[in-house]
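Reading the structure
The primary structure of each chain is shown beneath.
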Amino acid sequence: MRRPMVAGNWKMNMTLAGTRELIRGLAAKLSSNAPIDVTVFPPFVYLFAASQAAQDTPIRIGGQNLWPETKGAFTGEVSAEMLREAGCRYVLVGHSERRHTIGGADREGRTVGEDDALLNRKLKAARAAGLTPVLCVGETLAERDAAQTQAVLTSQLEGGLRGQSSAHVAMMLIAYEPVWAIGTGRTATVEQADEAHRHIRAEIARMFDARTAELVRILYGGSVKASNSKELMTPPGVDGVLVGGASLAVDEFLGIISGCFSAKGLG
Ligand code: PGA
């Protein structure tokens, strides 16, 4: 059985004191042999403090981004090895804000963010440093309205995963995050999430093999909160959630974790 994960993407939020408080608050309520993975992704500058606070707790730490080179003249960037040294086990790759919100603009004023070729290199760099990547994929509202959802997911998976080994894909996570559901309060229906997750798993089976598709964990993300988390994790193909806004408050995040326990029949 795939081990569920509840992950909190803090984005550009929190303070140093808040980082320690939140992790201690979560740890106080989590048993050390919890049958799920709980991971938080703080901003880079809080990673050391987060790793220290999470020591001897079941909470794992991840970075929100990385640069694919090992070192050099890349002002403002952080390598996979640096994340490892800061205590990270995981790293987000290709979050929709990196794909669509952050970056320069083209002549028409559209954001030119990270593309699949860059994300492909980031996945390889994460593996080389022993980090477990969480590859984020998802369609925009215009793409969904144009019935392009499956095509977009397929092309993001093909571009990101080209040349990766099946062993690497089997141990990584994929987060399905419809762009229109992120930070909007609009959540995908369980049917929409289930359908997208099935498509992703089928594509992994086609691109790699059935065993890889069976092992890879696929998370849902987009306006997950305590009140909808159980329902969203009910389909067997939804292996957990990647949570933004609702991961910043201890009680709300604990509510999502308990939603995961009930959805997966873990007591
Ligand atoms: P949200 O963000 O939960 O605030 O919608 C999810 C994400 O961006 O990972």
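The coordinates are above.
An account of the accompanying structure is given in this report. Since this is a predicted model, take the numbers as computed values, not measurements. (Residues numbered from 1 in each chain as written. Predicted model: local features only at pLDDT ≥ 70, side-chain atom pairs only at ≥ 80, totals over all residues. Heavy atoms only, no water.)

1. A few points about helix H12 (residues 250-263)
Between its first and last C-alpha, H12 extends 20 Å over 14 residues, near the 20 Å set by a 1.5 Å rise per residue. Three or more residues of H12 are buried, namely Phe253, Leu254, Gly255, Ile256, Ile257, Gly259, Cys260, Phe261 and Ala263. Its buried side turned inward, H12 meets strand E1 (5-9), helix H1 (16-27), strand E2 (37-41), helix H11 (226-232) and strand E10 (240-243). (Helix = DSSP H or I, 4+ residues; strand = E, 2+ residues; numbered from the N terminus. Expected span 1.5 Å × (residues − 1). Buried < 20%, exposed > 50% of the residue type's maximum accessible area, 1.4 Å probe, protein only. Contact = heavy atoms within 4.5 Å.)

2. Some thoughts on the nonpolar core
Membership of the largest hydrophobic core comes to 66 residues, with the highest contact counts inside it found for Ile59 and Ile204. Top contributing element to this core by residue count: H12, with seven residues. With near-sequence residues (within four places) excluded, Ile59 lies in contact with Ile23, Leu26, Ala27, Leu30, Val38, Val40 and Ala54. Counting residues in hydrophobic clusters, the runner-up holds eleven residues, among them Ala7, Phe41, Leu92 and Leu173. (Core = buried A, V, L, I, M, F, W, Y, C linked by side-chain atoms within 4.5 Å.)

3. As for the sheet that holds E2
Spatially, the eight strands close up into a barrel ordered E1-E2-E3-E4-E7-E8-E9-E10, and their pairing is parallel. Within the sheet, the average angular offset between the axes of one strand and its neighbour, ignoring direction, is 25°. Strand direction decides the pairing type here: strand E3 (residues 59-63) and strand E4 (residues 90-93), joined by two bridges, are parallel. Residue Gly62 lies in a different strand from E4, and its bridge partner there is Tyr90. (Pairing = 2+ DSSP bridges. Axes fitted to C-alpha atoms, helices over the stretch in contact; angles between N-to-C directions.)

4. Focus on unusual backbone geometry
Residues other than glycine seldom take positive phi values, yet Met14 does so here, at roughly 95°. Note on placement: Met14 falls in the loop between E1 and H1. For Ala147, which is not glycine, the phi torsion reads 60° and is therefore positive. Relative to the helices and strands, Ala147 is located in the loop between helix H6 (141-145) and helix H7 (149-161). Its relative accessible area of 67% is what places Ala147 among the exposed residues.

5. As for the packing of aromatic side chains
On inspection of all chains with the given rule, the structure shows two aromatic pairs. Ring centres of Trp67 and Phe74 lie 5.9 Å apart, and the angle between their planes is 40°; on these two criteria the pair is classed as tilted. On the accessibility criterion, Phe74 (33% relative accessible area) is partly exposed. Between Tyr176 and Tyr220, the ring centres sit 6.3 Å apart and the planes meet at 55°, which makes this aromatic pair tilted. Taken together, the residues span a long stretch of sequence, with Tyr176 in strand E8 (residues 173-176) and Tyr220 in strand E9 (residues 217-221) at a distance of 44 residues. (Phe/Tyr/Trp six-rings, centres within 6.5 Å; stacked < 30°, edge-to-face > 60°.)

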